[in-house]
Amino acid sequence: MPQPQMIFVNLPVKDLGTTKDFFGKLGFGFNPQFSDESTACLVISDTIFAMLISEPRFKDFTKKEIADSSRTTEVLIALSAESREKVDEMADAALANGGSPANEPMDEGFMYGRSFQDPDHHIWEVVWMDPAAVQGQA
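Source: prediction; values computed, not measured.

Novice: Even after reading the chapter, I still don't get the pairing of strand β9 (residues 123–129), so can you show me in this structure?
Specialist: Every regular strand shows the same layout, with side chains that alternate between the two sheet faces. For strand β5 (residues 76–80) and β9, the ladder comprises 5 bridges, and the chain directions are parallel. Bridge pairing links Ile77 to Trp124 in β9. Two strands pair when backbone bridges link them, and strand β8 (residues 111–117) and β9 are joined in this way by 7 bridges, in the antiparallel orientation. Each bridged residue has a counterpart across the sheet, and for Gln117 the counterpart in β9 is Ile123.

Next comes the structure, spelled out in structure tokens:
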């Protein structure tokens, strides 16, 4: 059986320490194997990671200008949650620890989500879906 594919989402950050502190307060850990003084590997799951890269180092990977995420949206990052309560826990923790609101909560009954901006204005969505709806039974 093939090994599960991994994904590394690369995000530029203005202050790596502030960003690491923010995500640490949300309960995330970091993989030191892929981290250094200019990069922190945020562990989302066994196969999903966000590479938080200081802007000067990020510029080494692209010839394009870095988007000003306080004015433009370059990406929407959506994370699943195991319950409506877990959605609220993460969004509330983000807002209490330096995050800012992004969009209004979304409640479709079978699907519930909230979003927030991290200290660098990247938009994170946290979504719960009723497992029965995912299987087409709702």
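Novice: What am I meant to see in helix α1 (residues 16–25) here?
Specialist: Along α1, the residues that are buried comprise Leu16, Thr19, Phe22 and Phe23. Buried residues in α1, looked at end-on, bunch into an arc of 130 degrees, giving them a common side. Residue Asp15 occupies the N-cap position of α1, its side-chain oxygen lying 3.1 Å from the main-chain nitrogen of Gly17. Trailing α1 by a residue or two, Gly27 shows a phi angle of about 95 degrees, which is positive.

Novice: I'm lost on the nonpolar core in this one. Help?
Specialist: The nonpolar side chains of a soluble globular protein tend to be buried with one another. If you look at the biggest cluster of nonpolar residues, it comprises 22 residues, and the most contacted ones within it are Phe23, Leu26, Phe28, Leu42, Leu52, Phe116 and Trp124. If you list the elements that add at least two residues to this core, you get β1 (7–13), α1, β3 (39–43), β4 (48–54), β5, α3 (84–96), β8 and β9. Not counting residues up to four positions away in its chain, the partners in contact with Phe23 are Phe28, Phe30, Leu42, Leu52, Asp118 and Trp124.

Novice: Help me understand the side chain of Thr39 in this model?
Specialist: Along the chain, Thr39 falls in strand β3. On the basis of relative accessibility, which here comes to 9%, the residue Thr39 falls in the buried class. Not counting residues within four places of it along the chain, the set of residues in contact with Thr39 comprises Leu16, Phe34, Met51, Leu52, Ile53 and Arg57.

Novice: Help me out: how do you make sense of the sheet that holds β3 in this one?
Specialist: What links the strands of a sheet is backbone hydrogen bonding, and the strands pair in either a parallel or an antiparallel sense. The strand order β1-β4-β3-β2 describes an open sheet built from 4 strands, whose pairing is mixed. The open sheet has two edge strands with one neighbour each: β1 and β2 (29–30). Sitting on the sheet, α1 touches β1, β2, β3 and β4, and the angle it makes with β3 is about 10 degrees.

Novice: I tried to follow a nonpolar patch on the surface on my own but got confused; where do I start?
Specialist: Taken together, the side chains of Met6, Phe8 and Phe34 present a nonpolar region at the surface, about 250 Å² in accessible area. Exposure remark for Met6: the relative accessible area of 39% places this residue in the partly exposed category.

Novice: Any chance you could explain the pattern of salt bridges here in plain terms?
Specialist: Close approach of charged atoms allows side chains with opposite charge to pair. Under the defined criterion, the tally for this structure stands at 8 salt bridges. We note a salt bridge from Glu55 to Lys14, for which the minimum N-O separation is 3.0 Å. Of this pair, Glu55 sits in helix α2 (residues 55–58) while Lys14 sits in the loop between β1 and α1; the two residues are 41 residues apart in sequence, bridging distant segments of the chain. Relative accessible area serves as the criterion here: at 21%, Glu55 is assigned to the partly exposed category. Salt bridges here are not isolated pairs; linked through shared partners, they connect Asp88, Asp92 and Arg114.

Novice: Explain the packing of aromatic side chains to me, please; I cannot follow it from the model alone.
Specialist: Aromatic ring pairs are reported here in terms of the distance separating the ring centres and the angle at which the planes meet. The full count for this structure, using the stated rule, is 6 aromatic pairs. On the basis of an interplanar angle of 75 degrees and a centroid distance of 5.9 Å, the ring pair of Phe8 and Phe34 is categorised as edge-to-face. Residue Phe8 is located in strand β1, and its partner Phe34 is located in the loop between β2 and β3; the two are separated by 26 residues in the primary sequence. Looking at Phe8, the relative accessible area reads 30%, which means it is partly exposed. Exposure remark for Phe34: the relative accessible area of 36% places this residue in the partly exposed category. Note on Phe23 and Phe28: the rings are 6.1 Å apart at their centroids and 70 degrees apart in plane angle, and the pair reads as edge-to-face. Residue Phe23 is classed as buried on the basis of its relative accessible area of 0%. A connected cluster of aromatic rings, assembled from ring pairs, spans Phe22, Phe23, Phe28, Phe116 and Trp124. A cation over a ring is seen here: Lys20 above Phe30, with NZ or CZ 5.5 Å from the ring centre. Stacked on the ring of Tyr112, the Lys or Arg Arg84 has its end atom at 4.3 Å from the ring centre.

Scoring rules and cut-offs
- Residues numbered from 1 in each chain as written.
- Predicted model: local features only at pLDDT ≥ 70, side-chain atom pairs only at ≥ 80, totals over all residues.
- Heavy atoms only, no water.
- Pairing = 2+ DSSP bridges.
- Helix = DSSP H or I, 4+ residues; strand = E, 2+ residues; numbered from the N terminus.
- Buried < 20%, exposed > 50% of the residue type's maximum accessible area, 1.4 Å probe, protein only.
- Arc of directions from axis to C-beta.
- Polar contact = N/O pair within 3.5 Å; in protein donor to acceptor, adjacent residues only side chain to side chain.
- Core = buried A, V, L, I, M, F, W, Y, C linked by side-chain atoms within 4.5 Å.
- Contact = heavy atoms within 4.5 Å.
- Axes fitted to C-alpha atoms, helices over the stretch in contact; angles between N-to-C directions.
- Patch = residues over 30% accessible without salt bridge, like charges linked within 9 Å, V, L, I, M, F, W, Y side chains within 5 Å.
- Areas by Shrake-Rupley, 256 points an atom, 1.4 Å probe, with all protein chains shown as cover.
- Salt bridge = Lys/Arg side-chain N within 4 Å of Asp/Glu carboxyl O.
- Phe/Tyr/Trp six-rings, centres within 6.5 Å; stacked < 30°, edge-to-face > 60°.
- Lys NZ or Arg CZ within 6 Å of the ring centre and 35° of its normal.

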